[in-house]
Amino acid sequence: EAAVTQSPRSKVAVTGGKVTLSCHQTNNHDYMYWYRQDTGHGLRLIHYSYVADSTEKGDIPDGYKASRPSQENFSLILELASLSQTAVYFCASSDGTGDYAEQFFGPGTRLTVL
Amino acid sequence: GDSVTQTEGPVTVSESESLIINCTYSATSIAYPNLFWYVRYPGEGLQLLLKVITAGQKGSSRGFEATYNKETTSFHLQKASVQESDSAVYYCALGQSSGSWQLIFGSGTQLTVMP
């Protein structure tokens with residue numbers, strides 16, 4: 001059974017509209033992440049969280065908000081969607097302990113803003 | 001800053017041929033970088049293929065190998081004989097086992113293996 005799930009799997013949104021992407025993990029991990037991927041680029045970190053009710057900015061947070069209401073759930077919110085936010089979005093979770101920084105990923109959400 | 005550069009795709013090889021996907025990294029703010037190869041099969045999320053956390057060591061999985069070379073700052077992915085089922089996108093990534101535990105990814109290499 002998939003340990004990191006995302007919804008929706010794909011979405012078409014209109015410019016200026018509000019979009020919420022959801023992520024749920026059953027790994028019992030403290031860390032959760034939101035990345036975006038654009039064609040020809042690697043995954044870039046938008047926001048992350050290491051505890052419920054707290055979020056941190058990643059490398060490209062502008063235009064995005066995040067919410068972590070519980071350990072299992074992490075949402076990415078686009079208050080005013082723009083064309084430049086068309087991309088594939090990945091959620092991931094990590095234990096945040098141990099010798100290495102392995103992350104476990106969801107299947108991705110393809111967002112198209114028109 | 002910290003960054004990862006890998007072979008630009010797409011890469012097409014025939015079944016049973018050998019494969020190398022190049023990856024070099026820059027870790028200016030990470031004292032002890034961990035290195036990873038992730039793979040993304042169609043319709044699925046990224047999954048860890050192999051990892052190495054100590055310079056000089058080699059990681060291996062499913063016939064793939066990669067050696068963490070601190071002198072050349074490289075972590076090339078190799079396989080002696082590819083199969084059609086290896087067709088996927090491969091990502092090299094750099095991380096640290098502290099702080100945000102963030103991963104820094106290369107742009108990905110689309111591999112197609114022809115039967």
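Residues numbered from 1 in each chain as written. Chains lettered and ligands numbered in written order. Predicted model: local features only at pLDDT ≥ 70, side-chain atom pairs only at ≥ 80, totals over all residues. Heavy atoms only, no water.

## Topic: the overall build of chain A
In step 1: Of regular secondary structure, chain A possesses 0 helices and 11 strands.
In step 2: Seen in sequence order, chain A has helices and strands lined up from the N terminus as β-β-β-β-β-β-β-β-β-β-β.
In step 3: Dimensions of chain A, computed from the C-alpha atoms along their principal axes, are close to 40 × 30 × 30 Å.
In step 4: Evaluated residue by residue, chain A yields a buried proportion of 49% over its 114 residues.
In step 5: In chain A, 55% of the contacts between residues at least 6 apart in sequence involve partners at least 24 apart. (Helix = DSSP H or I, 4+ residues; strand = E, 2+ residues; numbered from the N terminus. Buried < 20%, exposed > 50% of the residue type's maximum accessible area, 1.4 Å probe, protein only. Contact = heavy atoms within 4.5 Å.)

## What to know about the environment of S3 of chain B
All names here are of chain B.
In step 1: Here S3 lies in strand β1 (residues 3-6).
In step 2: Put simply, S3 and L49 are 46 residues apart on the chain and 20 Å apart in space, counted from C-alpha to C-alpha.
In step 3: In this structure, S3 is in contact with T24, Y25, S26, L94 and I104, ignoring residues within four places of it in sequence.

## Side note on the packing of aromatic side chains
In step 1: As enumerated under the stated definition, the model contains 15 aromatic pairs over all chains in all.
In step 2: Summarising the aromatic geometry, the rings of Y91 of chain B and F105 of chain B are spaced 6.3 Å apart at their centres and angled 90° between planes, so their arrangement reads as edge-to-face. Of this pair, Y91 of chain B sits in strand β10 (residues 88-95) while F105 of chain B sits in strand β11 (residues 103-105), and the two are 14 residues apart along the sequence.
In step 3: Judged by its relative accessible area of 7%, F105 of chain B is buried.
In step 4: Cluster of aromatic residues (ring-pair linked, three or more members): Y31, Y33, Y35, Y48, Y50 and F105 of chain A together with F36, Y38, Y91 and F105 of chain B. (Phe/Tyr/Trp six-rings, centres within 6.5 Å; stacked < 30°, edge-to-face > 60°.)

## Re the interface of chain B and chain A
In step 1: At the junction of the two partners, chain B supplies 22 residues and chain A supplies 25 residues.
In step 2: Both sides together, the interface formed by chain B and chain A hides about 1,900 Å², and carbon and sulfur atoms give 59% of it.
In step 3: The three residues of chain B that bury the most area against chain A are L46, W101 and Q102 of chain B, which together make up 31% of that side's buried surface.
In step 4: Taken together, chain B and chain A are joined by 0 salt bridges.
In step 5: For the side of chain B that touches chain A, the secondary structure elements donating two or more residues are β5 (34-40), β6 (46-52) and β11 of chain B.
In step 6: Considering each element in turn, the side of chain B that touches chain A owes the most residues, 4 residues, to β5 of chain B.
In step 7: Of the residues assigned to the side of chain B that touches chain A, the class counts are 9 nonpolar, 10 polar and 3 charged. (Buried area = accessible area lost by both parts, 1.4 Å probe. Salt bridge = Lys/Arg side-chain N within 4 Å of Asp/Glu carboxyl O. Nonpolar A, V, L, I, M, F, W, Y, C, P; charged D, E, K, R; others polar.)

## Overview of the nonpolar core
In step 1: Grouped together as the largest cluster of nonpolar side chains are 28 residues, with contacts concentrated most on W37, L49, L50, F75, L77 and Y90 of chain B.
In step 2: Those elements that place two or more of their residues in this core are β2 (11-14), β3 (19-21), β4 (23-26), β5, β6, β8 (64-67), β10 and β12 (109-114) of chain B.
In step 3: If one sorts the elements of this core by residue count, β10 of chain B sits on top with 4 residues.
In step 4: Residues in contact with L77 of chain B, not counting those within four places in the same chain, are L19, I20, I21, W37, L49, L50, F64, E65, A66 and Y90 of chain B.
In step 5: By size, the runner-up hydrophobic cluster in this structure holds 20 residues, among which are L45 and Y48 of chain A together with A93 and F105 of chain B. (Core = buried A, V, L, I, M, F, W, Y, C linked by side-chain atoms within 4.5 Å.)

## Remarks on the sheet that holds β8 of chain B
Residue and element names in this part refer to chain B.
In step 1: On the basis of which strands lie adjacent, the open sheet formed by 4 strands has the order β3-β9-β8-β7 and antiparallel pairing. Edge positions in the sheet fall to β3 and β7 (58-61), since each has one partner strand and no second. This sheet shows a mean twist of 20° between the axes of neighbouring strands, independent of strand direction.
In step 2: The pairing of β8 with strand β9 (residues 77-79) spans 3 bridges and is classified as antiparallel. Counted as the bridge partner of A66 is L77 from β9. (Pairing = 2+ DSSP bridges. Axes fitted to C-alpha atoms, helices over the stretch in contact; angles between N-to-C directions.)

## Considering the pairing of β8 of chain B
Residue and element names in this part refer to chain B.
In step 1: The alternating pattern of β8 places F64 and A66 on a buried face, while none of E65 and T67, on the opposite face, is buried.
In step 2: Examined bridge by bridge, β7 and β8 share 4 bridges and lie antiparallel to one another. If you follow S60 over to β8, its bridge partner there is E65.
In step 3: Hairpin remark: β7 followed by β8, antiparallel, with 2 residues in the connecting loop; positive phi at R62, about 55°.

## Details of the environment of H29 of chain A
Residues and elements named next belong to chain A.
In step 1: Following the sequence through the fold, H29 ends up in the loop between β3 (19-25) and β4 (31-37).
In step 2: For H29 and G40, which are 11 residues apart along the polypeptide, the C-alpha to C-alpha distance reads 30 Å.
In step 3: Among residues more than four places away in sequence, those in contact with H29 are R68, Q71, S93, S94, D95 and F104.
In step 4: Looking at H29, its side chain comes within polar contact range of the side chain of S93, at 2.9 Å.
In step 5: A distance of 3.4 Å separates a polar side-chain atom of H29 from the backbone nitrogen of S94. (Polar contact = N/O pair within 3.5 Å; in protein donor to acceptor, adjacent residues only side chain to side chain.)

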